[in-house]
Amino acid sequence: MVDVTVGQLAEKVNLPADHLLKLMQQAGLPHERNEDIVSDEQKTQFLSFVQRRQHTDRPTEQKKITVRRRNVSTLRTGKGGRGAAVKVETRRKKIYVARPPAGQPDEAGRAAGEASAAPTQAQLEAERIRSEDLQRKEAEEEVRRQEAKRKEEAEERRRAEEAALAEAQAKAEAEARDAAEQRAKASPDEVARAAAESAAKAQAAARAAESGNRRAPGRAGARHRDRMSREDDFGDGRTRRRELSLKQESRRSKRRHLSVQKQGGEFEKPQEFIAREVEISGMVTVGELAQRMSIKAGEAIKALMGMGVMATINQPLDQDTAILLVEELGHKAKVVAEDEVEQHLRESLQVEGESQPRAPVVTVMGHVDHGKTSLLDHIRHTRVVAGEAGGITQHIGAYHVNTEHGDITFIDTPGHAAFSAMRARGARSTDVVVLVVAADDGVMPQTEEAVNHSRAADVPMVVAVNKMDLDGADPERVRNELAALGVTPEDWGGTTQFVNVSAETGEGIDALLEAVLLQAELMELTAVPSAPGKGVVIESRVDRGRGPVATLLVQNGTLNQGDVIIAGECYGRVRALANERGETVKEAAPSTPVEMLGLNGTPEAGDEFSAVTGERQAREVADFRAGRSQAQRHASQKAASLESMFANLGQGEKRVLKVILKADVRGSLEAVTRACADIGNDEVSVNILASGVGGITESDANMALTYGASIFGFNTRADRTAKAMIERESIDLRYYSVIYELLDDIKAILEGMLAPEVREEILGMAEVREVFHSPRFGQIAGCMVVDGAVARNKMIRVLRDNIVIFEGELESLRRVKDDVNEVRNGLECGIGVRNYNDVRAGDLIEVFEAREVARVLDGGDARG
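The text that follows walks through the structure, step by step, so that each part is easy to find.

Parameters and conventions
Residues numbered from 1 in each chain as written. Predicted model: local features only at pLDDT ≥ 70, side-chain atom pairs only at ≥ 80, totals over all residues. Heavy atoms only, no water. Helix = DSSP H or I, 4+ residues; strand = E, 2+ residues; numbered from the N terminus. Buried < 20%, exposed > 50% of the residue type's maximum accessible area, 1.4 Å probe, protein only. Contact = heavy atoms within 4.5 Å. Areas by Shrake-Rupley, 256 points an atom, 1.4 Å probe, with all protein chains shown as cover. Pairing = 2+ DSSP bridges. Right-handed = clockwise from strand over helix to strand, strands pointing away. Axes fitted to C-alpha atoms, helices over the stretch in contact; angles between N-to-C directions. Phe/Tyr/Trp six-rings, centres within 6.5 Å; stacked < 30°, edge-to-face > 60°. Lys NZ or Arg CZ within 6 Å of the ring centre and 35° of its normal. Parallel < 35°, antiparallel > 145°, perpendicular 65-115°, else oblique. Nonpolar A, V, L, I, M, F, W, Y, C, P; charged D, E, K, R; others polar. Expected span 1.5 Å × (residues − 1). Salt bridge = Lys/Arg side-chain N within 4 Å of Asp/Glu carboxyl O. Patch = residues over 30% accessible without salt bridge, like charges linked within 9 Å, V, L, I, M, F, W, Y side chains within 5 Å.

Side note on the overall build of the protein chain
Right, so step 1: On a plain count of helices and strands, the protein chain comes out with 20 helices and 37 strands.
Right, so step 2: Considering the protein chain as a whole, with its 864 residues, one finds that 37% of them fall into the buried category.
Right, so step 3: Sequence separation of 24 or more characterises 69% of the internal contacts of the protein chain that already satisfy a separation of 6 or more.
Right, so step 4: Surface summary for the protein chain: the accessible area is close to 51,000 Å², and the carbon and sulfur share equals 48%.

Looking at the pairing of strand β27 (residues 684-693)
Right, so step 1: Bridge analysis of strand β26 (residues 655-663) against β27 gives nine bridges, and the strand direction is parallel. Residue pairing in the sheet places Leu-657 in a bridge with Val-686 of β27.
Right, so step 2: For the crossover that starts at β26, traverses helix α17 (residues 666-678) and ends in the parallel β27, the hand is right-handed.

Details of the sheet that holds strand β28 (residues 710-714)
Right, so step 1: What the four strands build is an open sheet, ordered β27-β26-β28-β29; its pairing is parallel. The outermost strands of the open sheet, each flanked by one partner alone, are β27 and β29 (733-736). The average angle at which neighbouring strand axes cross in this sheet is 25°, direction not considered.

Describing the pairing of strand β30 (residues 757-774)
Right, so step 1: Where β30 meets strand β37 (residues 844-853), ten bridges bridge the pair, whose relative direction is antiparallel. Directly across from Arg-759, in β37, lies its bridge partner Arg-851.
Right, so step 2: As paired strands, β30 and strand β31 (residues 778-791) are joined by ten bridges and run antiparallel to one another. The residue bridging Phe-772 from the neighbouring strand is Ile-780, located in β31.
Right, so step 3: Connecting the antiparallel pair β30 and β31 is a turn made up of three residues.

Comments concerning the packing of aromatic side chains
Right, so step 1: For the structure shown, the criterion picks out two aromatic pairs.
Right, so step 2: Taking the centre distance of 5.6 Å and the plane angle of 65° together, the rings of Phe-712 and Tyr-736 count as edge-to-face. Within this pair, whereas Phe-712 is found in strand β28, its partner Tyr-736 is found in strand β29, the two being separated by 24 residues in sequence. Residue Phe-712 shares its accessibility class with Tyr-736, and that shared class is buried.
Right, so step 3: Consider the rings of Phe-806 and Tyr-836, whose centres lie 4.5 Å apart with planes at 15°: the pair is stacked. A residue pair is termed long-range when its members are at least 10 positions apart, and Phe-806 in strand β33 (residues 803-815) and Tyr-836 in the loop between β36 (828-833) and β37 qualify at 30 residues. Of the two residues, Phe-806 and Tyr-836, neither departs from the other in class, the shared state being buried.
Right, so step 4: The lysine or arginine in question, Arg-717, covers the ring of Tyr-735, its NZ or CZ lying 4.4 Å from the ring centre.
Right, so step 5: Between the NZ or CZ atom of Arg-797 and the centre of the ring of Phe-848, over which it lies, the distance is 3.9 Å.

Topic: the packing of helix α1 (residues 6-13) against helix α2 (residues 17-26)
Right, so step 1: Across the interface, α1 lies against α2 with an axial gap of 9 Å and an inter-helix angle of 105°. Relative to α2, the element α1 lies roughly perpendicular. On α2, the residues touching Val-6, Leu-9 and Ala-10 of α1 are Ala-17, Leu-20, Leu-21 and Met-24.
Right, so step 2: Of the residues belonging to the contact of α1 with α2, the class tally is seven nonpolar, no polar and no charged.

Details of helix α15 (residues 509-523)
Right, so step 1: Relative to the 21 Å expected for 15 residues at 1.5 Å per residue, α15 spans 22 Å between its end C-alpha atoms, a close match to the ideal helical length.
Right, so step 2: One or two positions beyond α15, positive phi appears at Glu-524, with a value near 55°.

Topic: the pattern of salt bridges
Right, so step 1: One pass over the structure, following the stated rule, counts 32 salt bridges.
Right, so step 2: One salt bridge in this structure joins Asp-838 and Arg-800, with 3.9 Å as the shortest N-O distance. Remark: Arg-800 occurs in strand β32 (residues 795-800) and Asp-838 occurs in the loop between β36 and β37; sequence separation between them is 38 residues.
Right, so step 3: One salt-bridge network, held together by shared partners, links Glu-155, Arg-158, Arg-159 and Glu-162.

Description of a nonpolar patch on the surface
Right, so step 1: Taken together, the side chains of Ile-65, Val-67 and Tyr-96 make up a nonpolar region of the molecular surface, amounting to roughly 280 Å² of accessible area.
Right, so step 2: When you line up the elements, Val-67 lands in strand β3 (residues 64-76).
Right, so step 3: Residue Val-67 is classed as partly exposed on the basis of its relative accessible area of 32%.

With respect to unusual backbone geometry
Right, so step 1: Although it is not a glycine, Ser-591 sits at a positive phi angle of roughly 65°.
Right, so step 2: On the secondary structure map, Ser-591 appears in the loop between β23 (587-588) and β24 (592-599).
Right, so step 3: What makes Ser-591 buried here is its relative accessible area of 1%.
Right, so step 4: The backbone of Ser-730 sits at a positive phi, close to 55°, despite the residue not being glycine.

Quick word on the environment of Pro-529
Right, so step 1: Assignment of secondary structure puts Pro-529 in the loop between β16 (526-527) and β17 (534-543).
Right, so step 2: Taking C-alpha positions, Pro-529 is 4.3 Å from Gly-557, a pair spaced 28 residues apart along the chain.

Here we look at α17
Right, so step 1: Helix length check: α17 (13 residues) gives 19 Å between terminal C-alpha atoms against 18 Å at 1.5 Å per residue, within 8%.
Right, so step 2: Residues of α17 that are buried include every one of Arg-666, Gly-667, Ser-668, Leu-669, Glu-670, Ala-671, Val-672, Ala-675 and Cys-676, and no others.
Right, so step 3: The first or second residue beyond α17 is Gly-680, which carries a positive phi of 125°.

Structural notes on the side chain of Thr-5
Right, so step 1: Here Thr-5 shows up in strand β1 (residues 4-5).
Right, so step 2: Thr-5 sits in the buried class, given a relative accessible area of 18%.
Right, so step 3: The contact partners of Thr-5, leaving out residues within four places of it in the chain, are Asn-34, Glu-35, Asp-36, Ile-37 and Val-38.

What about the environment of Arg-546?
Right, so step 1: Within the secondary structure, Arg-546 is located in the loop between β17 and β18 (547-556).
Right, so step 2: According to the relative accessible area criterion, Arg-546 is partly exposed, its value standing at 35%.
Right, so step 3: Excluding residues that lie within four positions of it along the chain, Arg-546 makes contacts with Arg-541, Arg-575, Glu-595 and Leu-597.

Encoded structure:
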């Protein structure tokens, strides 16, 4: 309430200002003018005075009648009245006062009436003012209560969130402690897996606690609003009116504070241009380049059109055009090498540390069946050759041998002609080559090839003349034949050591080992054991229970269990290491062959491997190598298809043998694939639709059924589901354990697909002496058989002046008047030629027969 003047108060109570001043002076108030201010306390004092005077002056209290009215209506909110319905209650109150009696004669009674009327109006005004003041105070108190409750709820929510977060952190710390205790006992793979699971659980618990705390205050607020709507603090039904006001205020505040928060990942166009540094390496498509510049592909295409280049989103651009486009759009081009990932890998593989002597790596090479594996069996005191199919080695075997003379790592390579690539890899990954030559057989084709591989790899050679225990052994013949190839013995003035040995009796084995170690000592072989492991993949295969298994030869550094390695296009963490005896080891020192588990695939035999810092780097290098090899394969296939298309123009359709090939190890698969590519000619060839390491699966059978292919398994078998499908669909399935048997069968199949060769054999020659005309047969040639014999229903040629003028069939043959089947040399006969009537005297009739002869592919025996 605000203070008013005396004049304003007189207008409100409908009294003259002078009369009100007199009454106020009687009440003891100091007001003398109309402009004096009347405070709330003075109003209360004046009202009390008037009430006392009314009770003392009036003999009887005046009668009053109060009338109250209440009206309830419904109001709809929203535009067009389609919103929520709100109940509105209207209250009205009127007070009626009885007038004085009509017969009051004197002035004193009228003055008393005026005096009594004036206090009544002042009393009403005072009550109205007091009621408004009380309502205002109660509304302020309600607002304060609501604000205090909101603060209390916010504080409770904050405490709950802190408690949930602390609980989640404590739980995460407890799990981390448990994981740390298990980490000391578990393998590196299990450690990484457990850490990832614990972190994920902690994040999930924190998110759940946060979301639960967000939902709980909402439910508490709803219960509070329901309770407030049921309570009536005023006792006169005015709670509903206050609730309506609060709800409308809440709706207005919600509209006023409504905002949209951007979630992560939404694109917001920058207000200013951002110049970016764009890396360009070799060919790049328009879409990829636009993505690197963070613009739409349409803008890049538009800029290219402005430069005079018409391109699509998937069209590749060369490096120069890409640089011009980047600079045209205001960015900075950075030229990087295509193999930048490989360069980073090479930089990270710098070997640092102290070099120490290491054992030599020796590759045993030679012709098939010259005793290479038997020689190693005697050195290792094993019987490996007994387990080889056909008695020949078909895999690369690596062994670490502890001899009395020192440690040596041997690599046994196959001698069959199909395994040329294996021998080449063995020569590249070795320090010394031991060339095994049978004393009774001498130098053979694969012996000469092994010499060439050794020279190409610049590896010293030691010749072991084997089978000296046989009667037909002739070591001098071996020396002469090798000298013709440029391999001169030391006792002949050369540099190559020759040692006569026998794998059966053990003769000369110690001398051979001494020669190998002497050669290695001259080479001063060293390695850095403290460096990360690095070497070459000897062999790889898929084991049914263990997955991909790779045989590795560590050439430098130490390979430890738990290391992350990259091998060709495959990568993985070393889960387990085993030596050649199958014993589990924790590490592999330099010049040590081991079997490794943990790769995501089977790398190619001969691929280099190296330990890297982490799986991310290994994955990047593997993906880069896989993409590069895929691009090279696509390019070679495209070039081959174009060449074959032009080469086959004007020729007949080429017959192709479709094969699905599965082998036990990667090296054998490579050898069979190369050998199949060499079989065939311009008419027939082998097309290997799919190849892989491991057993024959149902997917292989489905592919063979779809494309009409045959399945060849080399030391592999089909599983149960694949076997059932192969039998049901009658798919051609063949198993092999010796490589030359497989190649012989493929060659026989291709020879059967060749079109047969037509060969002509001349049976006889007849000379025409006279020509007769018969009404039944037409023209008849009277002939004398001058060579061979003339037979009925054979093919003939008519020659005039030694030039073929007609080729057809002999229709009739007569001797005197009888039909005969054959007329021999020196006899006369009559010959009727079908569909030809121009035979003259002096012509020669040549009788011949055409025969089909099966053709044979060139290349000789597949046994090599």
